[in-house]
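Chains, contacts and geometry: an overview
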Amino acid sequence: MTTAKTPSRLMTADELLVMERVPGKRYELIRGVLTEKEVPTGHPHGETVSCSHGMLFIYTLETDYGVAITGEPGYKLESNPDTVRAPDVAWFAPGRIPPGITGFPELAPDLCIEVASPSNSRNDRLLSDKAQMWLDFGTLEVWVLNPENTSVARYRPGQPTVTLQEDDVLDGEELLPGFSIPVWQLFRRHR
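Keep in mind the model is a prediction, meaning the values are calculated, not measured. (Residues numbered from 1 in each chain as written. Predicted model: local features only at pLDDT ≥ 70, side-chain atom pairs only at ≥ 80, totals over all residues. Heavy atoms only, no water.)

**Topic: the pattern of salt bridges**
For the record, the criterion: The rule for a salt bridge is simple: a side-chain nitrogen of Lys or Arg has to be within 4 Å of a carboxyl oxygen of Asp or Glu. Elements are defined by DSSP. Helices are runs of H or I of four residues or more, strands are runs of E of two residues or more, and each kind is numbered from the N terminus. A 1.4 Å probe rolled over the protein chains alone gives each residue an accessible area, and that area as a share of the maximum for its type sets the label: buried under 20%, exposed over 50%, partly exposed in between.
Per the stated rule, a full pass over the model turns up eleven salt bridges. Among the ionic pairs, Glu 173 bridges to Arg 154, the shortest N-O distance being 3.9 Å. Of this pair, Glu 173 sits in the loop between strand 12 (169-171) and strand 13 (180-182) while Arg 154 sits in strand 10 (residues 151-155), placing them 19 residues apart in sequence. When its relative accessible area of 35% is taken as the criterion, Glu 173 is described as partly exposed. Residue classification places Arg 154 among the buried residues on the basis of a relative accessible area of 5%.

Structural data, given as structure tokens:
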């Protein structure tokens, strides 16, 4: 669950970047409004973020194809008013991130992974809206991982959502050539 504060004035991405951090708080900027993200999210969420990033990171190392980033990196998606959103995991195809970039890059990841937290794991509408937001800003694919039922909802522009269960295999297809993994491995190391 996110909460937005009623702003006295709109904040910019540059102000968010240098804002003093409050321990235990995470923020995004949505059309200039500072929005607090849910924290903490619990062990299943953290383990799923780690596993899914780990699998993508290994893929990038083995193939030398793209870059996988975690730690809720922020990306500036709109200006005036500014929007900075932070996926749980982001992946970019080779050459998409300009060398020497600082701050919040003004681009959307090619792939975003969002992990359902305890407060939104049963709210399909909230999760699909977030996935659609990434697609609207140019993301090519969004995977919404749900630790509660070990499933992956796969969103792509102009295509119906596909939900994969624990025993299914997630194939990277054209976006991640050669990437293929049993769904359960995105959630834990052992079966």
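So, next bit.
**Overview of the nonpolar core**
Which entries qualify depends on this criterion: To form a nonpolar core, buried Ala, Val, Leu, Ile, Met, Phe, Trp, Tyr and Cys residues must be joined to one another through side-chain atoms within 4.5 Å. Note on contacts: a residue pair is in contact if any heavy atoms of the two residues lie within 4.5 Å.
Residues Leu 56, Trp 91, Leu 111, Ile 113, Trp 143, Leu 145 and Leu 176 are the most contacted members of the largest nonpolar core, which totals 22 residues. If you list the elements that add at least two residues to this core, you get helix 2 (43-63), strand 7 (89-92), strand 8 (111-115) and strand 9 (141-146). Here Ile 113 is in contact with Ser 52, Leu 56, Pro 87, Asp 88, Val 89, Trp 143 and Leu 145, once residues within four sequence places are set aside. Leu 127, Met 133, Leu 135 and Val 144 belong to the second-largest nonpolar core, a separate cluster that totals 17 residues.

**Here we look at helix 3 (residues 124-136)**
As a reminder, the rule being used: Helix span, expected: 1.5 Å multiplied by one less than the number of residues in the helix.
The terminal C-alpha atoms of helix 3 lie 18 Å apart, and with 13 residues this matches the ideal 18 Å at 1.5 Å per residue to within 8%. Just past helix 3, the residue Gly 138 takes up positive phi, approximately 110°.

**Re the packing of aromatic side chains**
Note the cut-off: For Phe, Tyr and Trp, where Trp contributes only its six-membered ring, two rings pair if their centres lie within 6.5 Å, and the inter-plane angle classes them as stacked under 30 degrees, edge-to-face over 60, or tilted in between.
What the rule picks out here adds up to four aromatic pairs. Among the aromatic residues, those joined into a ring-pair cluster are Tyr 59, Trp 143 and Phe 179.

**Describing the pairing of strand 7**
The condition is simple: A pair of strands is considered paired only if DSSP assigns at least 2 bridges between the two.
Neither face of strand 7 is open: one carries Val 89 and Trp 91, the other Ala 90 and Phe 92, and all of them are buried. When strand 4 (residues 67-70) meets strand 7, the two strands line up antiparallel, connected through four bridges. Counterpart to Thr 70 in the pairing with strand 7 is Val 89. Direction of pairing for strand 7 relative to strand 8: antiparallel, over a ladder of three bridges. Bridge pairing in strand 8 links Ala 90 to Cys 112.

From the geometry alone we can't say anything about function, so treat these as descriptive.
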